[in-house]
Amino acid sequence: MAFDKWFNSQSTLIKVILLILPFIGWIVELLVRLSVMLKTKSLVHIVVFILFVCVGWGWILCVIDLVYLILKGHLILAE
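What you see is a predicted model, and the numbers here were worked out from it, not measured in a lab.

A. Here's a closer look at the environment of Leu 69. Here Leu 69 lies in helix α5 (residues 59-72). With a relative accessible area of 0%, Leu 69 lands in the buried category. On a C-alpha basis, the gap between Leu 69 and Leu 34 in space is 17 Å, while along the polypeptide they are 35 residues apart. Excluding residues within four positions of it along the chain, Leu 69 makes contact with Phe 7, Thr 12, Lys 15, Val 16, Leu 19, His 74 and Leu 75.

This is the structure in structure tokens:
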């Protein structure tokens, strides 16, 4: 699964638009985190994925990820 590569290759504006859209943003983040988790199989990425599945539907984590994306160009712990 190379969804994270595709997402990271997009411009920052496209990434922000994808994350701002209700429900679509959650799906995009979920797919990026799943892709990174399956690729690295790191304990940190597994924990972040599980945390995001459990509480990521809330807007707080999405806003934090959006601000981090604007500043750094990628999601938190998804590189």
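B. Molecular detail of a nonpolar patch on the surface. On the surface, Trp 59, Ile 60, Val 63, Ile 64, Val 67 and Leu 71 cluster together into a nonpolar patch covering about 650 Å² of accessible area. Within the secondary structure, Ile 64 sits in helix α5.

C. Summary view of the pattern of salt bridges. Applying the stated criterion across every chain yields a total of three salt bridges. With its nearest N and O atoms 3.7 Å apart, the salt bridge here joins Arg 33 to Glu 29. Linking Arg 33 with Glu 29, this pair stays in helix α3 (residues 24-40), spanning four residues, or about one helical turn. You'll find Arg 33 and Glu 29 in the same group, each marked buried.

D. Structural context of the nonpolar core. Grouped together as the largest cluster of nonpolar side chains are eleven residues: Phe 7, Val 16, Leu 18, Leu 19, Val 28, Val 32, Val 36, Leu 66, Leu 69, Leu 75 and Ala 78. Of all the elements in the fold, those that place two or more residues in this core are α2 (12-20), α3 and α5.

E. Spatial organisation of the packing of aromatic side chains. Throughout the structure, instances matching the rule amount to three aromatic pairs. Arranged with centres 5.3 Å apart and planes meeting at 40°, the rings of Phe 3 and Trp 6 form a pair that is tilted. Of this pair, Phe 3 and Trp 6 both sit in helix α1 (residues 3-9), three residues apart, which is roughly one turn of that helix. Judged by its relative accessible area of 22%, Phe 3 is partly exposed. Pairing Trp 26 with Phe 52 gives two aromatic rings, centres 6.3 Å apart and planes at 20°, and the pair type is stacked. Residue Trp 26 is located in helix α3, and its partner Phe 52 is located in helix α4 (residues 43-55); the two are separated by 26 residues in the primary sequence. Taking the relative accessible area as the measure of exposure, Phe 52 reaches 3% and is therefore buried. Three or more aromatic residues joined by ring pairs form one cluster here, namely Phe 23, Trp 26 and Phe 52. When the ring centre of Phe 7 is taken as reference, the NZ or CZ atom of Lys 15 above it lies at 5.9 Å. Across from the ring centre of Phe 52, 5.5 Å away, lies the NZ or CZ of Arg 33, which sits over that ring.

Reading the values: rules and limits
- Residues numbered from 1 in each chain as written.
- Predicted model: local features only at pLDDT ≥ 70, side-chain atom pairs only at ≥ 80, totals over all residues.
- Heavy atoms only, no water.
- Helix = DSSP H or I, 4+ residues; strand = E, 2+ residues; numbered from the N terminus.
- Buried < 20%, exposed > 50% of the residue type's maximum accessible area, 1.4 Å probe, protein only.
- Contact = heavy atoms within 4.5 Å.
- Patch = residues over 30% accessible without salt bridge, like charges linked within 9 Å, V, L, I, M, F, W, Y side chains within 5 Å.
- Areas by Shrake-Rupley, 256 points an atom, 1.4 Å probe, with all protein chains shown as cover.
- Salt bridge = Lys/Arg side-chain N within 4 Å of Asp/Glu carboxyl O.
- Core = buried A, V, L, I, M, F, W, Y, C linked by side-chain atoms within 4.5 Å.
- Phe/Tyr/Trp six-rings, centres within 6.5 Å; stacked < 30°, edge-to-face > 60°.
- Lys NZ or Arg CZ within 6 Å of the ring centre and 35° of its normal.

Shape descriptors only; they carry no functional weight alone.
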